[in-house]
Amino acid sequence: MATTDRQTTTLALAHALSAAERGLPVFPLSATKLPALRSPHHGERPPVHCRGECGLPGHGVHDATTDPAAVRALFAAAPRATGYGIACGRTPHRLIGIDLDIDTAHGNDSVGALQQLALQHLFTIPPTVTVLTPSGGRHLWLTGPADTTVPNSAGRLAPGIDVRGVGGYLVGPGSVTAHGRYRLAPGTAHLTPAPCPRPLLRLLTPPPRRPTGPATGSATTPEAPGRRGEGLIQFVLAAHEGQRNTRLFWAACRAYEHGFGDALADALTTAAIRTGLTEQEARSAIASAERLTRGRGD
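Model, not experiment: these values are computed from the prediction. (Residues numbered from 1 in each chain as written. Predicted model: local features only at pLDDT ≥ 70, side-chain atom pairs only at ≥ 80, totals over all residues. Heavy atoms only, no water.)

**Some thoughts on the sheet that holds strand 2 (residues 83–87)**
We apply this condition: At least two bridges found by DSSP between two strands is the condition for calling them paired. Put simply, DSSP H or I for four residues or longer makes a helix, DSSP E for two residues or longer makes a strand, and each gets a number counted from the N terminus. Fitted lines through C-alpha atoms serve as axes, helices being fitted only where they are in contact, and the angles separating the N-to-C directions of these axes extend from 0 to 180 degrees. Any two residues whose heavy atoms approach within 4.5 Å are treated as being in contact.
Taken together, three strands build an open sheet; the order of strands is 1-2-10 and the sheet is antiparallel. Since the sheet does not close on itself, it has two edges, and those belong to strand 1 (26–29) and strand 10 (169–171), each with one partner. Shown here is a sheet whose adjacent strand axes are inclined to one another by a mean of 35°, direction ignored. By the bridge criterion, four bridges tie strand 1 to strand 2 in an arrangement that is antiparallel. Across the sheet, residue Leu29 finds its bridge partner in strand 2, namely Gly83. The strands touched by helix 2 (residues 68–76) within the sheet are strand 1 and strand 2, with strand 1 carrying the most contacts at an inclination of about 15°.

Following this line, the structure appears as C-alpha cells:
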C-alpha cells in the first residue's frame, strides 16, 4: 500500500472519529463510496437478512457506530478505506440528507427545484451543515423528529434531488473518492444540522397506502373533505396579494394528498376567485397540484 494511501486512510479515520464525537454513527468507505468491508456472508445463498446480528463487521451502514474503539477497529479491518459514511435516521440527530445533484447535461436544476418546492409549500431551508461533492453538488444535513421515519428516495421529490433517510448514509466531509474530495461548504463548519421544516418533512414522508377492499381489491373511498376541507378553503380566502396563487396551490396539494382534491376543486376555485384570481388561473393552479401529488404517489 502506497504512503499516500496510508495517509488518506489515516485522515479518513481522523475525520470519522471527529464525526463520531459529535454523535454521528460512522463506518469506513472505499473510493467507490461503497462500504469498505466485505460482507462476512459473501458467497452465501441469498436472501441473507443479517444486519450485524452475527457479530462480525461487513454489514455496511449497519456497522455504523459512535464508539471510538469500534470505529478504530472497523478502519483497522479496512486498510484501503479512503472515506467514511454517516448513517442517517439514527439517534441522537436522526440525520436526513438532501442530496442536490448537478446534471447540466440533462438540464436538471436541483437547487432551483428545491427553491420552487419551498415557494409552493411555504417553507425555507434554514442555515445548516452543507457538504460540497466532487461533482459540484451538495448535501444538506437536516434532523428529523423521533416520531417520523423518513425513507430513502431518488428523484421522487424532484429530478436531481435524492433523500437519505433511515437505512441510508451520506459520504462524510473529508472523504476522498475516485472523483475527488467531499468538503464542508464555507461558512457551515460551525453549524449543527438544523431541524427539517415541517412542510418539507411532510413531502419526505409520503402518506401510507390506503388499504384495498378484501373482496374487490379496489381502493377504499377517499377521505371526505369535512373540517379539513373547510380549513383549506379559509386558508385560501386569507391570502393577500402576492400569496394567492401560492396558497391555492398549497391547499390543493393537501386536498389531493388526502384523497378529496376533486371534491374540493370547485370550492377552492370559488375561494380563489374571491381573492382576485381569475377562474382560469385558479383551475390551472389546482390542475398543477393534482399532477404534482399524483406524480409523487407513482
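**Concerning the pairing of strand 7 (residues 138–143)**
Applicable threshold: Residue exposure (1.4 Å probe, protein chains only): buried if accessible area is under 20% of the type maximum, exposed if over 50%, otherwise partly exposed.
Among the six residues that make up strand 7, five are buried, leaving the element largely enclosed by the rest of the structure. As paired elements, strand 3 (residues 95–100) and strand 7 share six bridges and run antiparallel to each other. Residue Ile98 lies in a different strand from strand 7, and its bridge partner there is Leu140. In this structure, the hairpin formed by strand 6 (residues 130–132) and strand 7 is closed by a connection of five residues, where Gly136 is found at a positive phi of approximately 100°.

**Examining the packing of helix 3 (residues 110–121) against helix 6 (residues 244–257)**
The condition that has to hold: Note on angle classes: values under 35 degrees are labelled roughly parallel, values over 145 roughly antiparallel, values of 65 to 115 roughly perpendicular, and the remainder oblique. In this count, Pro and Cys sit with the nonpolar residues alongside Ala, Val, Leu, Ile, Met, Phe, Trp and Tyr, while Asp, Glu, Lys and Arg are called charged and the others, Gly among them, polar.
Where helix 3 meets helix 6, the closest approach of the two axes is 7 Å, and the angle between their N-to-C directions is 90°. The angle between helix 3 and helix 6 places the two elements in the roughly perpendicular class. Contact residues: helix 3 offers Leu119, Gln120 and His121, while helix 6 offers Thr246, Phe249, Trp250, Cys253 and Arg254. Looking at the contact of helix 3 with helix 6, its residues break down into four nonpolar, three polar and one charged.

**Concerning helix 6**
Using the following cut-off: The span one expects for a helix is its residue count, reduced by one, times 1.5 Å.
With 14 residues, helix 6 extends 20 Å between its outermost C-alpha atoms, agreeing within 8% with the 20 Å of an ideal straight helix rising 1.5 Å per residue. Within helix 6, 11 of the 14 residues are buried, which leaves the element mostly enclosed by the surrounding structure. Just downstream of helix 6 lies Gly259, where phi reads positive at about 85°.

**Describing the side chain of His59**
As a reminder of what qualifies: Whenever a nitrogen or oxygen atom comes within 3.5 Å of another N or O atom, the pair is scored as a polar contact, on the condition that within protein one atom can donate a hydrogen and the other can accept it, and that pairs from neighbouring residues in sequence are kept only if both atoms are in side chains.
Considering the arrangement of structural elements, one finds His59 in the loop between strand 1 and helix 2. Within polar-contact distance, the side chain of His59 engages the backbone oxygen of Leu56 at 2.9 Å.

**Here we look at the pattern of salt bridges**
We count it as follows: Salt-bridge detection follows one rule: a side-chain nitrogen of Lys or Arg within 4 Å of a carboxyl oxygen of Asp or Glu.
Applying the stated criterion across every chain, the model contains four salt bridges. Asp162 is the salt-bridge partner of Arg164, the closest N and O atoms lying 4.0 Å from each other. Taking the shortest distance from any N to any O, the salt bridge between Arg254 and Glu257 comes out at 2.7 Å. Remark: Glu257 and Arg254 occur in helix 6; sequence separation between them is three residues, near one turn of the helix. Overall, the relative accessible area of 8% leaves Arg254 in the buried class. In this structure, a network of salt bridges that share partners links the residues Asp266, Glu279 and Arg283.

**Some details on helix 3**
Stated precisely, the cut-off is as follows: Directions from the helix axis toward the C-beta atoms define the arc.
Here helix 3 spans 16 Å end to end across 12 residues, near enough to the 16 Å set by a 1.5 Å rise per residue. Within helix 3, the full set of buried residues consists of Ser110, Ala113, Leu114, Leu117, Ala118, Gln120 and His121. Looking straight down helix 3, one finds that the buried residues subtend no more than 165° of arc, so they occupy a single side. Counted as exposed and oriented over 90 degrees from the buried face of helix 3: Gln115 and Leu119. In the stretch just after helix 3, Leu122 is the one whose phi turns positive, near 60°.

**Concerning the packing of helix 6 against helix 7 (residues 261–275)**
Quick reminder of the rule: Crossings are sorted by hand: turned counterclockwise from the far helix by less than a right angle, the near helix makes the crossing left-handed, and turned clockwise it makes it right-handed.
For the pair helix 6 and helix 7, interaxial distance at closest approach is 10 Å and the crossing angle is 165°. The pairing of helix 6 with helix 7 is recorded here as roughly antiparallel in orientation. Between helix 6 and helix 7 the crossing geometry is right-handed. Of the residues in helix 7, those touching helix 6 at Arg244, Leu248, Ala251, Ala252, Ala255 and Tyr256 are Gly261, Asp262, Leu264, Ala265, Leu268, Ala272 and Thr275.

**Quick notes on the packing of aromatic side chains**
Selection criterion: Only Phe, Tyr and Trp rings take part, Trp by its six-membered ring, and two of them pair if their centres are within 6.5 Å. Stacked means planes under 30 degrees apart, edge-to-face means over 60, and tilted covers everything else. Lysine NZ or arginine CZ positioned within 6 Å of the ring centre and within 35 degrees of the ring normal marks a charge as sitting over the ring.
By the definition in use, this model includes two aromatic pairs. When the centroid spacing of 5.1 Å and the interplanar angle of 85° are considered together, the rings of Phe27 and Tyr169 count as edge-to-face. With Phe27 in strand 1 and Tyr169 in strand 10, this pair connects stretches of sequence that are 142 residues apart. Judged by relative accessible area, Phe27 falls into the buried class, the value being 2%. Measuring from ring centre to ring centre gives 4.8 Å for Phe235 and Trp250, while their planes differ by 45°; the resulting arrangement is tilted. You can see Phe235 sitting in helix 5 (residues 226–237) and its partner Trp250 sitting in helix 6, a full 15 residues away along the chain. It is Arg247 that lies over the ring of Phe235; its NZ or CZ is 4.1 Å from the centre. For Arg254, the ring lying beneath its charged end belongs to Trp250, and the centroid distance is 5.0 Å.

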